[in-house]
Amino acid sequence: MKVAFFVTCLADHYFADAAADAVRLLRHLGCEVSFPPDQTCCGQPAYNAGRTGEALRMAEHTLDVFGGQPDNPAGADAVVLPSGSCATMVKKFYPRLATSPGASAVRATALAERSWDLAEFIVRRLGVTRLGDGLAGRRIAVHQGCHALRELRLETEPATLLEGAGAEVVPWEAQEECCGFGGLFSVKMTAVSAAMADRKLETLPDVDWVVSGDGGCVLHLDGRSRARGDRVEFVHLATALWRGVNGDGGKTGAK
Amino acid sequence: MATGIKDYAARSREIIREDPGVRESVTGATIAFDEKRRQGYAEVDADAWRRWAEGVKNHTLTHLDRYLAEAEEQLQANGAQVHWAADAAEAREIVTGLAVRHGVRSVVKGKSMVTEEIDLNPVLEAAGIEVFETDLGEYILQLLEEPPSHILGPALHKSLEQVQELFADRLDTARDGDPDTLARAAREVLRGAFIHADMGITGANFLVAETGTVALIENEGNIRLTTSLPRVHVAVVGIEKLLPRMTDLAGFLQLTARAATGQPIGCFVSLIQGPAADPGDDGPEEVHVVLVDNGRTDVLAHEHAWEALRCVRCGACLNACPVYRQTGGHAYGYVYSGPIGSVLDPGLLGLHEAMPLPFASSLCGACEDACPVRIPIPELLLEWRREAQEEGLTPWKERAALAGLASVATRPGLYRLAGKIGSRLGATGAARVLPMLGEWSKDRALPKPSPRTFRDLWREGIE
């Protein structure tokens, strides 16, 4: 399986190691991974702000880079993103954005159909749910980004994979609640956004790690928890799973 | 009308900081409602019901002229009198005029959002008429002189302790009176009000065109009394409340109750079919139905926002909303708050008047999943955001930042360079000077950039 890796701007700059772990994981699962170098931002910040023109320009750029044409000159079978939110932008919002008849609508639909969030790709496309037992003994709470949860309906996939790597996924009272990131929302309505993070943090069970496949949520939750003086360890899903495969993620294992 | 909408960001901060009990009460109450709604949906094929309800409402809204005419005809055939109000001022004049004509000195009211919308109580009181809100939550708020903060549970931002204090001061109940005791004390006062009232004023959950039936759902029994004891009943009804047939009502009564409270149906359902037929029969001598537009036809004409008119005012989206839960409804500055308010208010009031409500959402989508008539609230919020951008209603710094992002993101070389600079700035903490990160760092620690970008790691080779 040939995979073109869309790192996303946030992961490129803030979760570089986790993105590298995603590549390791995909290779471990038998994928041939490429990295189109001209990729940039998917355009979601502009889309969510209502800046349609700019979002469309960024979407067109991404369509150029990842070859959204039906004949797919980029040569990859799948485009994988280590971010549920950016995956949703490509899979759900590009087709809505590129509604003008002609090339971009066709290309957007073609790219949407072969783009995947990382956990979605592993479970639904590769059909893998077991990844060794490297996370045995780890107590993990999962934070699902809202786009992954309610647009892609990835209700079980991250937990399935973590459990498939031996972790104990602990129920969280505020499991399905939004953390309050919401991109621009977090800087426009900062008090409400922070209060939403507090609700997540106040209900967090006793766990070793909080794992999420969405970097934006993690930046926000981690930033809030550090401002509060909490000690919570946030781990990107790709890193957690790679540690699971690699056998160095267990409580008693080498770190 | 004057609203407090533009102060949303400041008010929400103030409520969270200065009055933390609001967040606690609202979060607790809405999570309980939302859980009941989930159970209520799980007992039926909720998706099928919701699709059906969406279809009925879409049909009704796209044939509204026809059903309004039919409803008027049937209401009149039932002996009810029909009034048309283009805006809030007309609606207030009609109701006040009726009260004056009938020599009304005392009014009892059932809980009604539309009468809040048209700001009815102050004009009645100015005409020397005594007004009693008879829904327990509304009664509490009337004593406190506060507006409702939730469509269904108007006082759910109040704690038990606050109501104990209030009733102890005003109704002489014990300071530690349990909820039953408090409700009994309110009932004593309101019973007298019901008996002496000359006019009952309610809203309507639905108006059935086929039969001219005003349908009202409640759990307390106060609406039943409001519509049956006084000489005159006035129902103030938004024109979007129509349903074509009685069989449609059967479904909507159940679905609305499930969405609102998880109940299979409300404890009381009143179907008002006109005044008492003969003198001496039970029921009011006159029934008046005031059909209110007040911006609704503008919403209906809007390319996207018309879908918000499917709303049945169940409050499910408020209960599901993590944004609403932090502040309750008062932060929003208008009678319709929460997710539905943020898409409806720009249509009813004009987008300029309703800023920044379309941005008071993280777009998490929980509202859409809860909505019994499948209003695509996140998509509608995005549509309003687009209009706000087109009309230049957003801060110029934000527009400049996003335009800058687009310029950089469509030039890969520039993007790589900017990424490097950004990482360096972030590492030194100098990023605080950037406009958006300044806001970010008010309530959060700054994010830590990776020492080397993924791009660097890829170039060096990932083992």
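Residues numbered from 1 in each chain as written. Chains lettered and ligands numbered in written order. Predicted model: local features only at pLDDT ≥ 70, side-chain atom pairs only at ≥ 80, totals over all residues. Heavy atoms only, no water.

### Examining the environment of B:Glu146
All names here are of chain B. Within the secondary structure layout, Glu-146 lies in the loop between helix 8 (136–144) and helix 9 (160–171). Under the relative-accessibility criterion, Glu-146 is labelled partly exposed at 24%. For the pair Glu-146 and Gly-295, spaced 149 residues apart in sequence, the C-alpha separation works out to 24 Å. For Glu-146, the contacting residues outside a window of four places in its chain are Leu-141, His-157, Lys-158 and His-330. (Helix = DSSP H or I, 4+ residues; strand = E, 2+ residues; numbered from the N terminus. Buried < 20%, exposed > 50% of the residue type's maximum accessible area, 1.4 Å probe, protein only. Contact = heavy atoms within 4.5 Å.)

### Brief notes about the environment of B:Leu425
All names here are of chain B. Examined against the element boundaries, Leu-425 turns out to sit in helix 21 (residues 412–428). Its relative accessible area of 31% is what places Leu-425 among the partly exposed residues. Sequence separation between Leu-425 and Ala-85 is 340 residues, and the spatial gap between their C-alpha atoms is 59 Å.

### Quick word on the pattern of salt bridges
Under the counting rule described, the total for this entry stands at 48 salt bridges over all chains. The partner of B:Lys158 in a salt bridge is B:Glu146, and the shortest N-O contact between them spans 2.8 Å. Highlighted residues: B:Lys158 in the loop between helix 8 and helix 9 and B:Glu146 in the loop between helix 8 and helix 9, separated in sequence by 12 residues. The exposure class assigned to B:Lys158 is buried, which follows from its relative accessible area of 19%. Through salt bridges with shared partners, a single network forms among A:Glu173, A:Glu176, A:Glu177, A:Arg199, B:Asp34, B:Arg37, B:Arg38 and B:Arg325. (Salt bridge = Lys/Arg side-chain N within 4 Å of Asp/Glu carboxyl O.)

### Describing the sheet that holds strand 6 (residues 213–218) of chain B
All names here are of chain B. If you trace the 4 strands from one edge of the open sheet to the other, you get 8-5-6-9, paired in mixed fashion. Edge strands, defined here as strands with exactly one partner in the open sheet, are strand 8 (242–243) and strand 9 (268–272). Strand direction decides the pairing type here: strand 6 and strand 9, joined by 5 bridges, are antiparallel. Bridge pairing in strand 9 links Val-214 to Ile-272. (Pairing = 2+ DSSP bridges.)

### Some details on the interface of chain B and chain A
Reports often express the size of an interface as the amount of accessible area lost when the parts come together. Contacts between the two partners involve 64 residues from chain B, matched on the other side by 66 residues from chain A. For the chain B face of the interface with chain A, the top three residues by lost area are B:Arg444, B:Phe454 and B:Trp458, together amounting to 12%. Taken together, the links from chain B to chain A amount to 8 salt bridges. In this structure, A:Asp38 and B:Arg416 form a salt bridge, with 3.6 Å as the shortest nitrogen-oxygen distance. Taken together, the links from chain B to chain A amount to 27 residue pairs in polar contact (both at pLDDT 80 or more). It is helix 20 (residues 396–409) of chain B that provides the largest number of residues to the side of chain B that touches chain A, a total of 8 residues. A per-class count over the side of chain B that touches chain A returns 31 nonpolar, 14 polar and 19 charged. (Buried area = accessible area lost by both parts, 1.4 Å probe. Polar contact = N/O pair within 3.5 Å; in protein donor to acceptor, adjacent residues only side chain to side chain. Nonpolar A, V, L, I, M, F, W, Y, C, P; charged D, E, K, R; others polar.)

### Side note on the domain arrangement of chain A
Residue and element names in this part refer to chain A. What the domain assignment lists for chain A is domain 1 (2–125) and domain 2 (139–246). When each unit is reduced to the centre of its C-alpha atoms, the spacing between domain 1 and domain 2 is 22 Å. Of the residues lining the interface, 30 residues belong to domain 1; the matching set on domain 2 comes to 23 residues. Here domain 1 meets domain 2 over a buried area of about 2200 Å², counting both sides, of which 72% is carbon and sulfur. On the surface where domain 1 and domain 2 come into contact, there are 1 salt bridge. Our enumeration of links across domain 1 and domain 2 arrives at 10 residue pairs in polar contact (both at pLDDT 80 or more). Per-element tally for the side of domain 1 that touches domain 2: the top contributor is helix 5 (residues 84–97), with 8 residues. Considered class by class, the residues forming the side of domain 1 that touches domain 2 number 14 nonpolar, 7 polar and 9 charged. (Domains from an automatic or database assignment.)

### Examining the sheet that holds strand 7 (residues 209–212) of chain A
Residues and elements named next belong to chain A. Taken in spatial order, the 4 strands make up an open sheet running 6-5-7-8, and their pairing is parallel. The sheet is open, and its two borders are formed by strand 6 (168–169) and strand 8 (234–236), each paired with just one other strand. Across 4 bridges, strand 5 (residues 139–143) lies against strand 7 in parallel orientation. Residue Val-142 lies in a different strand from strand 7, and its bridge partner there is Val-211. With respect to the sheet, helix 12 (residues 215–228) is in contact with strand 5, strand 7 and strand 8, its orientation differing from that of strand 8 by roughly 165 degrees. (Axes fitted to C-alpha atoms, helices over the stretch in contact; angles between N-to-C directions.)

### Quick word on the domain arrangement of chain B
Along its sequence, chain B is organised into domain 1 (44–294) and domain 2 (396–460). In this structure, domain 1 of chain B and domain 2 of chain B have C-alpha centres spaced 53 Å apart.

### A short note on the nonpolar core
Note that soluble globular proteins tend to have their nonpolar side chains buried in a common cluster. The biggest cluster of nonpolar side chains holds 128 residues, and the ones touching the most others in it are A:Tyr94, B:Tyr8, B:Met199, B:Ile201, B:Phe206, B:Val234 and B:Ile340. Sorting elements by how many residues they give to this core places helix 5 of chain A first, with 7 residues. Apart from the residues within four sequence positions on either side, A:Tyr94 is in contact with A:Cys42, A:Met58, A:Ala59, A:Thr62, A:Leu63, A:Met89, A:Ala108 and A:Leu111. Counting residues in each nonpolar core, the second largest holds 69 residues, with A:Ala11, A:Val142, A:Val187 and A:Leu219 among its members. (Core = buried A, V, L, I, M, F, W, Y, C linked by side-chain atoms within 4.5 Å.)

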